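Each chain is listed here by its residues.
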Amino acid sequence: MSFHPKMAYGATFHKSSRHLEEEGPAFVYTPENRARFDVIIQRYPPDRRRSAVLPALYLAQYQQGYITANAIRHVAELLGITRADVEDVVSYYTMYYTRPVGRFVINVCRTLSCAINGAERVTEELRAKLGINPGETDASGTFTLMEVECLGACDRAPAVMVNDAWHECLTPENAARLVDDLRARGEAALSGCHHLVEKKRDLGIGD
Ligand code: FES
C-alpha cells in the first residue's frame, strides 16, 4: 500500500527489496575503529554487549562504506552474538547499506507528513537534477537517491537526510540548491544538526 498511487515503491532501495549482503573482502576494524569500539562497549554491562550492535555497525559502515557479510561476522564475534542477530538489525534499518552507495546518500522521507507537504515533488526534482531514480547511484559515485520512511522531523516536513545530516522544510527549489551546494562544497554543505553532532561524538569520530 502506498501513500502515493503514482510512486514506484517497488523500485526503491528499501528494506523489503534488499539483497543479501555480499561476502566482501576480509573485514576487521582498523586499529582506530577498534579503539573506538572498545570505548563504546564500556558503556554497556558485560551481559548486554549485544546492545552495542547499532554503533558497532555504524563503525563498520564508516570504515567500509557499506555492510558486508564479513563485517557482520566481525561485529557478531566482538559482541558475542550470532551472525543472524546482526543480520536482523542490518535488514531492519534502512540506514545500513548492504551494497556500495555514493559519497552522499540523499534520503527523502515519503511518510505522511512529508508526503502531504510535497515530498514527491522534492523527489522528482532530485531525480531530474541527479539523473537517477530512487535506489540508484550516479555514474560518478557521488550521489545515491533513496526514499525512506519517517525521519522523525515531521513538524519540519518535507525532510531529507543527507548522510547523517537533516535538511528540513525542503522545496524542489532548495533541494536543487542543496545538490549544487554539495557539489561545490562537499561535506561542508551538510547541516550541523544536533543528530549529526551527537552521533559523531558518540562514535568518537571527528569533531
Ligand atoms: S513524516 Fe517525514 S519526517 Fe516524519
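Below you will find a few notes about this structure. (Residues numbered from 1 in each chain as written. Predicted model: local features only at pLDDT ≥ 70, side-chain atom pairs only at ≥ 80, totals over all residues. Heavy atoms only, no water.)

Let's shift gears to the overall build of the protein chain. Each helix and strand in the protein chain was counted, giving eight helices and four strands. Ordered by position in the sequence, the α and β elements of the protein chain form the string α-α-α-α-β-α-α-β-β-β-α-α. Nonlocal contacts in the protein chain, meaning residues at least 24 apart in sequence, comprise 70% of its contacts between residues at least 6 apart. Summed over its atoms, the accessible surface of the protein chain is roughly 10600 Å², and 53% of this surface lies on carbon and sulfur atoms. (Helix = DSSP H or I, 4+ residues; strand = E, 2+ residues; numbered from the N terminus. Contact = heavy atoms within 4.5 Å. Areas by Shrake-Rupley, 256 points an atom, 1.4 Å probe, with all protein chains shown as cover.)

What follows concerns the sheet that holds strand β2 (residues 143–148). Strand order across the open sheet formed by four strands is β2-β1-β3-β4, with mixed pairing between neighbours. Only two strands of the sheet have a single partner each, and these edge strands are β2 and β4 (165–167). The sheet shows a mean angle of 25° between the axes of neighbouring strands, direction not considered. Where strand β3 (residues 160–162) meets β4, three bridges bridge the pair, whose relative direction is antiparallel. Across the sheet, V162 pairs through a bridge with A165, a residue of β4. The strands that helix α6 (residues 119–130) touches are β1 (104–109), β2 and β3; relative to β1, the one it contacts most, it runs at about 155°. (Pairing = 2+ DSSP bridges. Axes fitted to C-alpha atoms, helices over the stretch in contact; angles between N-to-C directions.)

Here the focus is the packing of α6 against helix α7 (residues 172–185). Direction vectors running N to C along α6 and α7 enclose 40°, while the axes themselves pass 8 Å from each other. By the angle between their directions, the pair α6 and α7 is classed as oblique. Note on packing geometry: the crossing formed by α6 with α7 is right-handed. Contacts from R121, V122, E125, L126, K129 and L130 in α6 reach P172, A175, A176, V179, D180 and R183 in α7. For the contact of α6 with α7, the class distribution of residues is seven nonpolar, no polar and five charged. (Parallel < 35°, antiparallel > 145°, perpendicular 65-115°, else oblique. Left-handed = near helix turned anticlockwise from the far one by under 90°. Nonpolar A, V, L, I, M, F, W, Y, C, P; charged D, E, K, R; others polar.)

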